[in-house]
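So the chains spell out like this:
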Amino acid sequence: MRAAGHQVAAALLLFAAVFGTRAEVIDDILGSLTDAVSFLEREREQVNLDGLVGFIMLQAVLKDAVQTWPHSDPVSWAQRASTVALIRRLDRSTVKAMDAIKQSDPQYFREFEPLLSWGFWVIPHEWTSTDVSLFYSNTRKTECFDEQRGDKCMKLLLGTWKVNGTPCIATKSCLDTMTNLGCRDYSLSHQLLYFLIGKMKGCTSMLKGYARASQANMTERGYERIYCSNMMKINQDIFRDSLKETRIDIFMENILFCGLAGFSDFFKPDWLQWIIQRQDKDLGCFGRDENITSLMAVEKLLEQPHPSPSRVKRREKVLPDGCSSHTTSVAVGTLGGFLGFYLTEQDITKRPLS
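Residues numbered from 1 in each chain as written. Predicted model: local features only at pLDDT ≥ 70, side-chain atom pairs only at ≥ 80, totals over all residues. Heavy atoms only, no water.

(A) Quick peek at the overall build of the protein. What the protein contains, in helices and strands, is 13 helices and zero strands. Of the roughly 16400 Å² that the protein leaves accessible, carbon and sulfur atoms contribute 52%. (Helix = DSSP H or I, 4+ residues; strand = E, 2+ residues; numbered from the N terminus. Areas by Shrake-Rupley, 256 points an atom, 1.4 Å probe, with all protein chains shown as cover.)

Shown next as structure tokens:
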């Protein structure tokens, strides 16, 4: 526990070294999020479900944060007031966006509606770190499963596999897929998401009666540790290689999901600085392709055959202004995670997650 406290203290000092004062860091994050919420307000009838989930996660973080926001000085009070105003804007915009999604994609909306409730997302207040000894020695060169299989397994947990379906169903087929070690990229992040959804839904003993011969006595938390440790390795490699455009989305997704799992070492100050710098300052979105400037161009692009049917990135929607619905959602959720970590981890003596 003492070691974990020293790690967090060092992280907070590094934040200050890179960004300045705590207040300046929070101002930077809130400023970026304010621009992103303005984007949602303009595009609420265009954003798809996967493009909205990150804003719902942000709602959860902000509503949690204002309950315990440190009131140490007038700057903190002003920041809390700005956050409350941001929550009100989010509350209005997300409701209107959900109404539009329900009309445009009713089946997908019904299947994943639980994820569109901010109360679904449990925000961590205790932290642990990844473990380099858990890095895979070898990884698969292709994705381990496709989006359809992943969706099916998550719907069984959510209970939305049919109308009034029983939740928390973890089939052998799904567990075989979600405990398959050596996966990478979107397969790996969605293996973690599977266990996170189970935890958020309140599914207990998902692994009861199930065990791979080579992974006996493994727990849900054990898989989270393995997955986030390897997601950390992926992010370190991506960042070292100067963040190629095709890797930006998975880089932020790894931070988002592992932050939700309580791994504080993903909240690195240089990663935060880079994410904020990637925002389109005029539109407030992330992942913008400036070559796309009209709805006709978007429709033409989406008509092209997808080159990799095994890819499991969540449903994407490129908007008429070239903004990526999915990348913006992931960035917003990730920045919310940074904000939540920075606000709640003032007490460095908190017991780390077991």
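After presenting the structure, the write-up continues.
(B) Expanded view of the packing of aromatic side chains. Within the structure shown, the criterion is met by 15 aromatic pairs. Geometrically, the ring pair formed by Phe195 and Tyr227 is tilted, given 6.5 Å between the ring centres and 40° between the ring planes. A residue pair is termed long-range when its members are at least 10 positions apart, and Phe195 in helix 8 (residues 185–201) and Tyr227 in helix 9 (residues 220–240) qualify at 32 residues. Judged by relative accessible area, which is 0%, Tyr227 ranks as buried. Between the aromatic rings of Phe239 and Trp271, the centroid separation amounts to 6.1 Å while the plane-to-plane angle is 50°, which identifies the pairing as tilted. Separated by 32 residues along the polypeptide, Phe239 in helix 9 and Trp271 in helix 11 (residues 269–277) bring together distant segments of the chain. Exposure remark for Trp271: the relative accessible area of 2% places this residue in the buried category. One aromatic cluster in this structure is built from Phe239, Phe251, Phe266, Trp271 and Trp274. One cation-aromatic arrangement involves Lys268 over Trp271; the distance from NZ or CZ to the ring centre is 5.4 Å. (Phe/Tyr/Trp six-rings, centres within 6.5 Å; stacked < 30°, edge-to-face > 60°. Buried < 20%, exposed > 50% of the residue type's maximum accessible area, 1.4 Å probe, protein only. Lys NZ or Arg CZ within 6 Å of the ring centre and 35° of its normal.)

(C) Structural context of the side chain of Arg221. Note on placement: Arg221 falls in helix 9. With relative accessibility at 18%, the residue Arg221 sits in the buried group. At 2.4 Å, the side chain of Arg221 and the side chain of Glu224 are in polar contact. (Polar contact = N/O pair within 3.5 Å; in protein donor to acceptor, adjacent residues only side chain to side chain.)

(D) Representation of the side chain of Asp249. As for its position among the elements, Asp249 is in helix 10 (residues 248–260). Residue classification places Asp249 among the buried positions, given a relative accessible area of 5%. A polar contact of 2.9 Å, which involves the side chain of Asp249, links it to the side chain of Thr327.

(E) Local environment of the pattern of salt bridges. Tallying each qualifying case throughout the model produces 12 salt bridges. Between Glu111 and Lys155 there is a salt bridge, with the nearest N and O atoms lying 3.4 Å from each other. Here the residue Glu111 occupies a position in helix 5 (residues 106–112), and Lys155 occupies one in helix 6 (residues 147–158), the gap between them amounting to 44 residues. Look at Glu111 and you get buried, because its relative accessible area is 9%. Residues Arg240 and Asp237 are paired through a salt bridge, measuring 3.1 Å at the closest nitrogen-oxygen approach. (Salt bridge = Lys/Arg side-chain N within 4 Å of Asp/Glu carboxyl O.)

(F) Local environment of the state of the cysteines. Under the definition given, this model contains five disulfides. Bridging Cys168 to Cys203, the disulfide has an S-S length of 2.2 Å. Measuring handedness by torsion sign, the sulfur bridge of Cys168 and Cys203 sits at about -80° and is left-handed. Linking Cys168 in the loop between helix 6 and helix 7 (172–178) with Cys203 in the loop between helix 8 and helix 9, this pair joins segments that are 35 residues apart in sequence. Among the residues examined, Cys168 registers a relative accessible area of 34% and is labelled partly exposed. Taking relative accessible area as the criterion, Cys203 reaches 9% and is therefore assigned buried. Disulfide connectivity for the protein, with bonded cysteines indexed by sequence position, reads 1-5, 2-4, 3-6, 7-8, 9-10. (Disulfide = S-S within 2.5 Å.)

(G) Unusual backbone geometry, seen in detail. With phi around 60°, Asn164 is a residue other than glycine that occupies positive phi space. With respect to the element layout, Asn164 can be found in the loop between helix 6 and helix 7. A residue is classified by how much of its surface remains accessible, and Asn164, at 76% relative accessible area, is exposed. A positive phi angle, near 55°, is found at Ser205, a position not held by glycine. One can find Ser205 in the loop between helix 8 and helix 9.

(H) Layout of the packing of helix 2 (residues 22–43) against helix 4 (residues 74–104). Two elements in contact, helix 2 and helix 4, have axes separated by 10 Å at closest approach and are oriented at 20°. Judged on the interaxial angle alone, helix 4 and helix 2 are roughly parallel. Crossing of helix 2 over helix 4 shows left-handed handedness. Within the contact between the two elements, helix 2 uses Arg22, Ala23, Ile26, Asp27, Leu30, Leu33, Thr34, Val37, Ser38, Leu40 and Glu41 and helix 4 uses Val75, Ser76, Gln79, Thr83, Leu86, Arg89, Leu90, Ser93 and Thr94. Considering only residue class, the contact of helix 2 with helix 4 consists of nine nonpolar, seven polar and four charged. (Axes fitted to C-alpha atoms, helices over the stretch in contact; angles between N-to-C directions. Parallel < 35°, antiparallel > 145°, perpendicular 65-115°, else oblique. Left-handed = near helix turned anticlockwise from the far one by under 90°. Contact = heavy atoms within 4.5 Å. Nonpolar A, V, L, I, M, F, W, Y, C, P; charged D, E, K, R; others polar.)

(I) Quick peek at the environment of Asp282. For Asp282, the position within the fold is in the loop between helix 11 and helix 12 (295–302). On the basis of relative accessible area, Asp282 is assigned to the exposed category, the value being 71%.

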